[in-house]
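Spelled out from the first residue to the last, the chains are:
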Amino acid sequence: MTKLILILAAQILIFAAVASAGDLGRTMNGKHLGPYKKEKLTHLRVFWHDSVNGSSVMIQQPVLNSSSLFGAITMMDDPLTLDVPSNSTVVGQAQGMYAAAAQGEIGFLMVMNFAFTTGKYNGSTITILGRNVVTSKVREMPVVGGSGIFRFARGYVEARTKSFDPKAGVAIVEYNCYILHY
């Protein structure tokens, strides 16, 4: 009897695969996606604490002898806190990399996830991918996705440097995140 059930189940799966083999995609009814009914806008404010040779490591030195750092690549696992002091409450990690992608200025390609570890956002992430010219007072980068509470996320972040010590390689940046999600 068990063999018969397995054979029937296999035939149904094969039939379903053959029947849909020519389709690239299909339209889904939104009510099958669970609780995704109404889009929300969430504003988060966090402080990113980057410390070269602490929470981040340069894995590629600059390729040109210039002040732009062009070609440098740094991997990071930086704490995100609720306030400027480094001993304030940690709410997550900024994990990813930044690469010096501009030759005439200090401009980075930022590729990072804000992975939240506390409160109602615990286990959720937002993904940020964009250009960050650190000499600008305010930098805007897009939110290109997310997970957990932030599934289907889109939006933007505004970054403002609060402090920077070039000798120590320590920067604290305020991130205001505006996220549309379901």
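Structure: above.
What comes next is a walk through the structure. What you see is a predicted model, and the numbers here were worked out from it, not measured in a lab. (Residues numbered from 1 in each chain as written. Predicted model: local features only at pLDDT ≥ 70, side-chain atom pairs only at ≥ 80, totals over all residues. Heavy atoms only, no water.)

## Comments concerning the overall build of the chain
As a reminder, the rule being used: Put simply, DSSP marks the helices as runs of H or I at least four residues long and the strands as runs of E at least two long, and each gets a number from the N terminus on. For every residue, the accessible area (1.4 Å probe, protein chains only) is compared with the maximum for its type, and the residue is labelled buried under 20%, exposed over 50%, or partly exposed between those bounds. We call two residues in contact whenever any of their non-hydrogen atoms come within 4.5 Å of each other.
When its secondary structure is counted, the chain shows 1 helix and 9 strands. Starting at the N terminus, the α and β elements of the chain follow one another as α-β-β-β-β-β-β-β-β-β. In the chain, which comprises 182 residues, the proportion classed as buried is 34%. A fraction of 47% describes how many contacts in the chain between residues 6 or more apart in sequence connect residues 24 or more apart.

## Topic: the pattern of salt bridges
We count it as follows: The term salt bridge refers to a pairing of a side-chain nitrogen on Lys or Arg with a carboxyl oxygen on Asp or Glu at a separation within 4 Å.
One pass over the full model with this rule turns up 5 salt bridges. Here the salt bridges share partners, and the residues they tie into one network are Arg45, Lys162 and Glu174.

## With respect to the pairing of strand β4 (residues 90–100)
Convention followed: DSSP bridges decide pairing: two strands pair if at least two such bridges lie between them.
The element β4 is extensively covered by neighbouring structure, given that 8 of its 11 residues are classed as buried. Looking at chain direction, strand β3 (residues 73–81) and β4 are connected through 9 bridges and run antiparallel. Bridging from a neighbouring strand, Met75 pairs with Met97 of β4. Sheet topology places β4 next to strand β5 (residues 107–116); 9 bridges connect them, and they run antiparallel. Bridge pairing in β5 places Ala99 opposite Leu109.

## Concerning the packing of aromatic side chains
Selection rule: Stacked, tilted and edge-to-face are the three classes applied to pairs of Phe, Tyr and Trp rings, where Trp contributes its six-membered ring and a pair requires centres within 6.5 Å; stacked means planes under 30 degrees apart, edge-to-face means over 60, and tilted covers the rest.
The final tally for this structure, using the stated rule, is 9 aromatic pairs. Here the aromatic rings of Tyr98 and Phe108 are separated by 5.2 Å at their centres, their planes lie at 80 degrees, and the arrangement is edge-to-face. In this pair, Tyr98 is assigned in strand β4 and Phe108 in strand β5, connecting sequence segments 10 residues apart. Assigned by exposure class, Tyr98 and Phe108 land together as buried. Geometrically, the ring pair formed by Tyr121 and Phe150 is stacked, given 5.3 Å between the ring centres and 20 degrees between the ring planes. Of the two residues, Tyr121 is situated in the loop between β5 and β6 (125–133) and Phe150 in the loop between β7 (139–147) and β8 (154–165); the sequence distance between them amounts to 29 residues. Members of the aromatic cluster, each reached through a chain of ring pairs, are Trp48, Tyr98, Phe108, Phe114 and Tyr175.

## Quick look at the nonpolar core
For the record, the criterion: Side-chain atoms within 4.5 Å are what join buried Ala, Val, Leu, Ile, Met, Phe, Trp, Tyr and Cys residues into a set we call a nonpolar core.
With 28 residues, the main nonpolar core has Trp48, Met110, Met112, Phe114, Ile126 and Tyr175 as its most contacted residues. Elements that contribute at least two residues to this core include exactly β1 (40–51), β3, β4, β5, β6, β7, β8 and β9 (170–181). Looking at which element gives the most residues to this core, the answer is β5, with 5 residues.

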